[in-house]
Amino acid sequence: MSERQSLLDRGRTVAALPERIDHLREAAALAKGRLDPDVVAYAEHVISKATERLTFGTHFSVVAMLGATGSGKSSMTNAVVGSDIATTGARRPTTNSTLACVWGDEDATALLDWLEIRNRHRVDSDDPLLNGLIVLDVPDHDSVKVEHRLEMERVAEHADLLLFITDPEKYADAALHHYLRLLSRHGAVTAVVLNKADTLTNDQLQACRTDLARLLLNDGVGNATVLTASATAGLGIKELRSMLADVVNDKQLALARLDADATVAASDLAAEVGPPTKKKLPKHVAEELATELVNASSLKEVSEAAAKGYRRDAAAAMGWPVTRWVRKLRPHPLRRLHLGSGSSGPISTPALNPANAARVNAAIRNAAEHATGEIPEPWPTLVRTAALANLGQLHTGVDSTIAKAVRDRSKTDPKWWTPVKALQGLLFVAMLVGLAWLLVLAVAGFFALGDIPVPMVGPVPVPTGLALGGALLGWLLAIVAGRLARVGGDRRSRRVHKDASQAMVTIARTYVLDPIEMELSSRHQLTDALKKAGARWPEGLV
Ligand SMILES: Nc1nc2c(ncn2[C@@H]2O[C@H](COP(=O)(O)OP(=O)(O)O)[C@@H](O)[C@H]2O)c(=O)[nH]1
Ligand SMILES: [Mg+2]
């Protein structure tokens, strides 16, 4: 029979269930506190159920007869057993508690204890093929008694195969389809028996079966196996027994059921978590954020101060000694920012203005948004929170990066300053010597001490040459050095800017992007675990 075959084929696809349960466990742990508690709780329920059920092994296949009052569950149980074990409608209309019929000699006590079924019957069967079969005659799913329905739901949750028994009168009942829809994603372990086939003509039975198939398709269980039978007339019982014998011998039924549960739990989590995403941010995000950090920082102002400081230091070293002391009256541009030589600690720039603070904030949010894209909550919030968590450290980091760039670049004076400085000193000394000489000559002249011979270089007296030449050349040297210092200062400013800008990428990574990627990576771990647990994402999500 083709239907029977398909039930078994589905069972055979079950692979490495314990590993899948482990992955589901990992996913549930990662999802806890992040995703819908009900969905996480269901996954946890499946994990503990599977773990417990697997301890009983796969020898037994637990088949639950489910259905409406009078559909023939008890009669069908009796028919499969081959004798009247279960009380049927003729004698007592309802089955009050679940009855378990166990085939074979294997001890089912532990499993039945776990299933909380006290009403047990060992079937004296001459059919070894049914060894390991446990058929449960379950209270009606449309019972007026709540405890019956609860018992039915509990058993249905723990059984391996759900065998819905219905009949030509009740196959369209709301209660049946309510449960079928609830279990629609367990199609692999759902089968339907259309009972009381003896009350219909062949044509009627076919029409009925077609209609039932249409309804099952509507319920989302179009792939469920459908059998027609009559419990009392013995029709289709052989086929039903043979289907049961197949699944029992396959020893996969328990696994198939748990597998279906794990798939449902994992897929529900997958629907909550949204599509899998990358765990790394593209490089340009770091670069863009670093650029924004630079633009909102004091780097422009500070690197300009570095140029000014350079020029100022150059003037102090190589300027015209006669006038250079004047410059020292004004504060040093770098010292004013607490960046002068020998300084350490933070820059004393004015606190981040609101516009720049907002700019940094927007850039961080932008990076967070880039990271989450279409991912549903809670990740956008988690990622944004992680991205903004280190704002204080980020601003300090930006400042110390800038400070370091300036301090590193202004640690030592440029080499060319030394000879120029020496030359400037020499010229100054020459000028002083010349002036002193002239003073001596003047004093001698004033007191008419007679002519003191003055050496000449060409037409120029040496003391005059020394005084004027020293002054003039010193002044010219200062001008040339000043020009060069302008170029040097600009270069230093550019270097400071470049160093700090490059280091800003690390700052952006450390305080914003790494925390974002931590969240992304835990999400990636979750989606990865779900994939390995067999999750199917809703269409359009992947
Ligand atoms: N004609 C006919 N009657 C059936 C068949 N199966 C069960 N019945 C009758 O339907 C009534 C309800 O059966 P029962 O097994 O107690 O249904 P349950 O409430 O689902 O357990 C009883 O009177 C049965 O004799 C069948 O295949 N054909
Ligand atoms: Mg009954």
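Residues numbered from 1 in each chain as written. Chains lettered and ligands numbered in written order. Predicted model: local features only at pLDDT ≥ 70, side-chain atom pairs only at ≥ 80, totals over all residues.

## Quick word on the overall build of the chain
Then, number 1: When helices and strands are tallied, the chain shows 19 helices and 9 strands.
Then, number 2: Here the C-alpha atoms of the chain give a radius of gyration of 45 Å, more than 25% beyond the 24 Å that 2.2 N^0.38 yields for 542 residues.
Then, number 3: Along the longest, intermediate and shortest principal axes, the C-alpha atoms of the chain span 160 × 40 × 40 Å.
Then, number 4: For the chain, restricting intrachain contacts to residue pairs at least 6 apart in sequence, the fraction spanning at least 24 positions comes to 80%. (Helix = DSSP H or I, 4+ residues; strand = E, 2+ residues; numbered from the N terminus. Rg over C-alpha atoms; globule rule 2.2 N^0.38 Å. Contact = placed C-beta atoms within 7 Å.)

## Description of the sheet that holds strand β1 (residues 61–67)
Then, number 1: Here we have 7 strands laid out as an open sheet, ordered β3-β2-β4-β1-β5-β6-β7, and mixed in their pairing. Two strands in the sheet have a free side with no partner beyond their single neighbour: β3 (119–123) and β7 (225–228). Going from strand to strand, the sheet's axes swing by 20 degrees on average, the running direction of each strand aside.
Then, number 2: Where strand β6 (residues 190–194) meets β7, 4 bridges bridge the pair, whose relative direction is parallel. If you follow Ala191 over to β7, its bridge partner there is Thr225.
Then, number 3: In the packing of helix α9 (residues 237–250) onto the sheet, contacts are made with β1, β4 (133–137), β5 (161–166), β6 and β7, and the angle to β1 comes to roughly 140 degrees. (Pairing = 2+ DSSP bridges. Axes fitted to C-alpha atoms, helices over the stretch in contact; angles between N-to-C directions.)

## Regarding the packing of helix α10 (residues 253–273) against helix α19 (residues 462–532)
Then, number 1: Viewed as axis vectors pointing N to C, α10 and α19 meet at an angle of 150 degrees, and their least axial separation amounts to 9 Å. By the angle between their directions, the pair α10 and α19 is classed as roughly antiparallel. Relative to α19, α10 is oriented so that their crossing is left-handed. Across the interface between the two elements, Ala266, Leu269, Ala270 and Val273 from α10 touch Leu526, Thr527 and Leu530 from α19.
Then, number 2: In terms of residue class, the contact of α10 with α19 is built from 6 nonpolar, 1 polar and no charged. (Parallel < 35°, antiparallel > 145°, perpendicular 65-115°, else oblique. Left-handed = near helix turned anticlockwise from the far one by under 90°. Nonpolar A, V, L, I, M, F, W, Y, C, P; charged D, E, K, R; others polar.)

## With respect to the environment of Thr381
Then, number 1: Relative to the assigned elements, Thr381 resides in helix α16 (residues 379–388).
Then, number 2: The spacing of Thr381 and Ala368 is 13 residues in sequence and 9.0 Å in space, taken between C-alpha atoms.

## Observations regarding helix α8 (residues 202–219)
Then, number 1: Between its first and last C-alpha atoms α8 spans 26 Å; for 18 residues at 1.5 Å apiece the expected length is 26 Å, and the two agree.
Then, number 2: Three or more residues of α8 are buried, namely Cys208, Leu216 and Asp219. Seen from one end, α8 has its buried residues packed into an arc of 75 degrees, which puts them on one side. In this structure, α8 carries Asp203, Gln206, Thr210, Arg214 and Leu217 as exposed residues pointing more than 90 degrees from its buried face. (Expected span 1.5 Å × (residues − 1). Buried ≥ 20, exposed ≤ 12 C-beta atoms within 10 Å, placed from the backbone. Arc of directions from axis to C-beta.)

## A few points about unusual backbone geometry
Then, number 1: The omega torsion of the bond from Glu377 to Pro378 falls at 5 degrees, within 30 degrees of zero and hence cis.
Then, number 2: Mapping Pro378 onto the fold places it in the loop between α15 (354–372) and α16.
Then, number 3: One non-glycine residue, Lys251, lies in positive phi territory at about 55 degrees.
Then, number 4: The topology assignment puts Lys251 in the loop between α9 and α10.
Then, number 5: Its 15 C-beta neighbours within 10 Å are what place Lys251 among the partly exposed residues.

## Let's talk about the packing of helix α18 (residues 417–446) against α19
Then, number 1: Contact geometry for α18 and α19: axes closest at 7 Å, N-to-C directions at 155 degrees. Taken as axis vectors, α18 and α19 run roughly antiparallel relative to one another. Seen from above, α18 lies across α19 with left-handed handedness.
Then, number 2: Counted by class, the contact of α18 with α19 contains 18 nonpolar, 7 polar and no charged residues.

## Focus on the pairing of β6
In the case of a regular strand, side chains alternate between the two sheet surfaces.
Then, number 1: Burial analysis of β6 places 5 of its 5 residues in the buried class, the great majority of the element.
Then, number 2: Sheet analysis places β5 next to β6, joined by 5 bridges and oriented parallel. Bridged to Phe164 within β6 is Val192.

## A short note on the environment of Asp413
Then, number 1: As for its placement among the helices and strands, Asp413 is situated in the loop between α17 (391–409) and α18.
Then, number 2: A count of 16 C-beta atoms within 10 Å places Asp413 in the partly exposed class.
Then, number 3: In this structure, the C-alpha to C-alpha distance between Asp413 and Ala317, residues 96 residues apart in sequence, is 9.4 Å.
Then, number 4: Not counting residues within four places of it along the chain, the set of residues in contact with Asp413 comprises Asp313 and Ala317.

## A closer look at the confidence of the model for the chain
Close inspection of predicted coordinates is inappropriate for parts of the model with low pLDDT.
Then, number 1: With 94% of its residues at a pLDDT of 70 or more, the chain has an overall mean of 89.
Then, number 2: Low pLDDT, under 50, characterises residues 1–6; the predicted model gives this stretch 7 contacts beyond four residues in sequence or across chains.
Then, number 3: Contacts from residues 8–13, a stretch scored under 50 in pLDDT, to residues over four places away or in other chains number 11 contacts. (pLDDT = per-residue confidence, 0-100.)

## Concerning α19
Then, number 1: In the structure, α19 departs most strongly from a straight axis at Arg509, where the bend amounts to approximately 45 degrees.
Then, number 2: Positive phi appears at Gly534, one or two residues downstream of α19, with a value of about 90 degrees. (Bend = angle between axes of the 7 residues up to and from the residue.)

## A look at the pairing of β4
Then, number 1: With 5 of its 5 residues buried, β4 lies for the most part within the structure.
Then, number 2: On β4, burial covers both faces: Leu133, Val135 and Asp137 on one face and Ile134 and Leu136 on the other are all buried.
Then, number 3: Taken together, the 4 bridges between strand β2 (residues 99–103) and β4 define a ladder with antiparallel strand orientation. Among the inter-strand pairings, Val102 is bridged to a residue of β4, identified as Ile134.

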